Amino acid sequence: MAYVANELHLVVCVKVVPKPEEVRVDPQSRRLDRAGARSEINPPDLNAVEFALQIKDRFGGKVSILSMGPPFFEPYLRICLAMGADHVYLLSDRLFGGADTLATTYTLAKAIHRLEPVHLVFCGEESSDGATGQVPPGLAEWLGYQQITLVSDIEVNMSQGVVRGRRERQGGYEILEVPLPAVISVKTGCNEPRFWDYRLKPWAFAPERVTVWSASDMDVDPEFIGLAGSPTQVVGLEQAPSRERKRIMLSGSPEEVAQQLAARLREVLPLSG
Amino acid sequence: MATSLYSASEARDVICVFMEREGDTLQRVSLELLSKGRELADEVGWNLAALLLGYERMFPLTLEAFSAGADEVWVAEHPLLQTFTVEAYTSAAFQVIMRQKPSVFLCGATPNGRDLAGRLAVKLRTGLTADCTDLRMREGGVLVGEVTGFGGGVLALIETPQHRPQMATVRPGVFPLKPPRTERASSTVEIISVILDEAQVRTRVVEQAVGRGADITQSPVVVVGGRGIQGRFDLLRQLAELLGGEVGATRPPVDGGQIERERQVGQTGVVCRPKVAIVCGASGAFQFTVGIQHADTVIAINIDPEAPIFETADYGVVGDALQIVPALIEALRNSREPVASG
């Protein structure tokens, strides 16, 4: 595949999630009670949007925001437009509902194929609701693209058609280079997402900025989407038990408290002379 | 419904664990998974297999996999498997799995493990339960994975009833490591040849600096600093050294560049299982406390008496960590019985 440098096309996958601290499990129905929870753009995805916008600032090109979810996602996604993105594609259909990683990555990949030529696909490291980080490699596999995950810094060489990313790993890092097109998962917290520009707001909220695709608009196999395309099943759901802790409060001056703590530490840690 | 490349009836009664390797060393998470895999396999009377990919000097690693609990070790050797690239490893693991058809495939939720598992699951058209906090087998050879969502506030049980292999990833430190076995019922090594093409591998490793940083998942004591310590990690380091431990952090100081990211504890960091976690100046958000839930004892110091961290602590102190920590260092230094690393 030869990619010409005339216009970079960057796609950012964005999800809207309920604020984690406001989600509860209904003890009777054992279902997630999201009704009381406000929504937000998945915070790691904002790092991905910022990453793409920085590349657009440097090299030009266009940034497409891609999301799969119900119509209420729309106003949240428009915030990305007011940050500097060019267009939003929202995959919205009841048939997409209940998708696990396999069905989600399949559906997103189908949309990305439709958006080609695409040079780079950015994803947040993980979502705050599922937090599995499995979408980026799954997406790359369906697309047949290269991938670099957990990237904190990136360099695009358009003349050679390669991307070089610094990948953060436990206890170190590595610098990997892959040919375009590639899926990049962006290390959470590696940049400071810009605020949206209020001057762009009227433009961002114009109807034509958002394209909604349903299953029939896309070349998808019904066996691979939504619940039908999801091999995993959630068989139980509960509020996480908080582990029983002693919850003993110590009081006194800093010195007194320190003595008490030192005594507790000596009880539980091995001593050596 | 779309089916996986092989069905439950074609699958063999084997749990396979991917052995992650850094140079000549097996990663601890893979051994932890063999420990857990052994337990699961014994429950259902299955075999436990270790999948080892690499090139040369594989024999010592094979022995290590056996003593960590494996009944079978599946070895695929190829020059392109010497170091990890997602293309070569996915292709090799795929070829071995299609030949051996295990019912369950487990992998560490490390950066490379996640890359591999994410690609493999799509290639095999099967289900992947990522970042499990517990695993068990239920009747019919179905693996049940427990995962936390929404920052640890919600627990979900997830199964892949029909597709095979049933894939799951688990973070380092979630399962304890069992002592090595000296005797075993069977020990089969299978050498499996894989076909890899250099042209497939398009990732170029330009530079690598791994394995030099801290690994706080293995430390018996972790002293964690949050926003409230105002970057005074030097103080926490003194305390940690005195106790033979390591310094950890919640996310804000890491994002603020006050400390290395590999020391971040919690949902987007690491899960540690120390004897003692001392949490200083952290409010105790779900996203963080999930990382210390396995600690035997939790001590919390926070200036705000209402901070949720006190709900998840064994001993709580309301006060300024910047005053309490120096006093504690002093108290430990002056104690008749010195406390040191064990």
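As for unusual backbone geometry
Part 1: Of the consecutive residues Glu116(A) and Pro117(A), the connecting peptide bond is found in the cis state with omega at 5 degrees.
Part 2: On the secondary structure map, Pro117(A) appears in the loop between α3 (101-115) and β8 (120-124).
Part 3: Note the cis peptide between Arg164(B) and Pro165(B), where omega equals -5 degrees.
Part 4: Looking at the secondary structure, you find Pro165(B) in the loop between β11 (163-164) and β12 (166-170).
Part 5: Within the chain, Arg125(B) stands out as a residue other than glycine whose phi angle is a positive 55 degrees.
Part 6: In this fold, Arg125(B) is placed in the loop between α4 (111-124) and β8 (128-138).
Part 7: Phi angles above zero are rare outside glycine, and Asp131(B) is one such case at about 60 degrees.
Part 8: Here Asp131(B) shows up in strand β8.
Part 9: With 23 C-beta atoms packed within 10 Å, Asp131(B) lands in the buried category.

What about the packing of helix α3 (residues 86-100) of chain B against α4(B)?
Two measures define how a pair of helices packs: the angle their axes make with one another and the distance between the axes.
Residue and element names in this part refer to chain B.
Part 1: The geometry of α3 relative to α4 is characterised by a closest axis approach of 9 Å and an angle of 50 degrees between their N-to-C directions. Taken together, α3 and α4 sit at an angle that is classed as oblique. Here α3 and α4 pass one another in a crossing that is right-handed. Here Val-86, Tyr-89, Thr-90, Ala-93, Phe-94 and Ile-97 of α3 come into contact with α4, specifically with Asp-115, Leu-116, Arg-119, Leu-120, Lys-123 and Leu-124.
Part 2: Of the residues contributing to the contact of α3 with α4, the split by class is eight nonpolar, one polar and three charged.

Quick look at the interface of chain A and chain B
Part 1: Each partner contributes to the interface: chain A provides 79 residues, whereas chain B provides 89 residues.
Part 2: Elements that contribute at least two residues to the side of chain A that touches chain B include exactly α3, α4 (135-143), β9 (146-157), β10 (162-169), β11 (172-179), β14 (233-239), β15 (248-250) and α6 (254-268) of chain A.
Part 3: Considering each element in turn, the side of chain A that touches chain B owes the most residues, 11 residues, to α6(A).
Part 4: Classifying every residue of the side of chain A that touches chain B gives 36 nonpolar, 25 polar and 18 charged.
Part 5: Looking at chain direction, β15(A) and strand β19 (residues 315-318) of chain B are connected through three bridges and run parallel. Looking at β19(B), one finds that Leu250(A) is bridged to Val317(B).

Re the sheet that holds strand β18 (residues 297-302) of chain B
Part 1: Read across the sheet, six strands follow the order β15(A)-β19(B)-β18(B)-β17(B)-β15(B)-β16(B) without closing on themselves; strand pairing throughout is parallel. Each edge of the sheet is formed by a strand with only one pairing partner; in this case those strands are β15 of chain A together with β16 (246-249) of chain B. Recorded for the sheet is a direction-independent mean angle of 20 degrees between the axes of neighbouring strands.
Part 2: Both strand β17 (residues 276-280) of chain B and β18(B) contribute to a ladder of five bridges, which runs parallel. Bridge pairing links Ala277(B) to Val298(B) in β18(B).

Points about the nonpolar core
Part 1: Among the nonpolar cores identified, the biggest contains 191 residues, and Val12(A), Val121(A), Phe122(A), Leu51(B), Leu52(B), Val279(B) and Cys280(B) are the most heavily contacted of them.
Part 2: Counting contributing residues per domain, this core is built from domain 1 (6-200) and domain 2 (216-334) of chain B, each supplying no fewer than three.
Part 3: Apart from the residues lying within four places of it in its own chain, the contact partners of Leu52(B) are Met19(B), Met58(B), Leu61(B), Thr62(B), Ala65(B), Val73(B), Trp74(B) and Val75(B).

A short note on the sheet that holds β14(A)
Part 1: Read across the sheet, 10 strands follow the order β14(A)-β10(B)-β9(B)-β8(B)-β12(B)-β7(B)-β2(B)-β5(B)-β6(B)-β13(B) without closing on themselves; strand pairing throughout is mixed. The outermost strands of the open sheet, each flanked by one partner alone, are β14 of chain A together with β13 (188-191) of chain B. The mean angle between the axes of side-by-side strands here comes to 30 degrees, regardless of whether they run parallel or antiparallel.
Part 2: Across five bridges, the pairing between strand β7 (residues 102-108) of chain B and β12(B) is parallel. Among the inter-strand pairings, Leu106(B) is bridged to a residue of β12(B), identified as Ala168(B).
Part 3: Contacting β2 (12-18), β5 (47-54), β6 (72-77) and β7 of chain B, α3(B) crosses the sheet at an angle of about 150 degrees to β5(B).

Describing the packing of α3(A) against α4(A)
Residues and elements named next belong to chain A.
Part 1: Two numbers describe how α3 lies on α4: the axes approach to 9 Å, and their chain directions differ by 50 degrees. Regarding the angle of α3 to α4, the classification is oblique. Judged by the sense of rotation from one axis to the other, the crossing of α3 with α4 is right-handed. In this structure, α3 uses Thr-101, Leu-102, Thr-104, Thr-105, Tyr-106, Leu-108, Ala-109 and Ile-112 to contact α4, whose residues at the interface are Val-135, Gly-138, Leu-139, Trp-142 and Leu-143.
Part 2: Tallied by class, the residues present in the contact of α3 with α4 amount to nine nonpolar, four polar and no charged.

Criteria and cut-off values
Residues numbered from 1 in each chain as written. Chains lettered and ligands numbered in written order. Predicted model: local features only at pLDDT ≥ 70, side-chain atom pairs only at ≥ 80, totals over all residues. Helix = DSSP H or I, 4+ residues; strand = E, 2+ residues; numbered from the N terminus. Buried ≥ 20, exposed ≤ 12 C-beta atoms within 10 Å, placed from the backbone. Axes fitted to C-alpha atoms, helices over the stretch in contact; angles between N-to-C directions. Parallel < 35°, antiparallel > 145°, perpendicular 65-115°, else oblique. Left-handed = near helix turned anticlockwise from the far one by under 90°. Contact = placed C-beta atoms within 7 Å. Nonpolar A, V, L, I, M, F, W, Y, C, P; charged D, E, K, R; others polar. Pairing = 2+ DSSP bridges. Core = buried A, V, L, I, M, F, W, Y, C linked by C-beta atoms within 7 Å. Domains from an automatic or database assignment.

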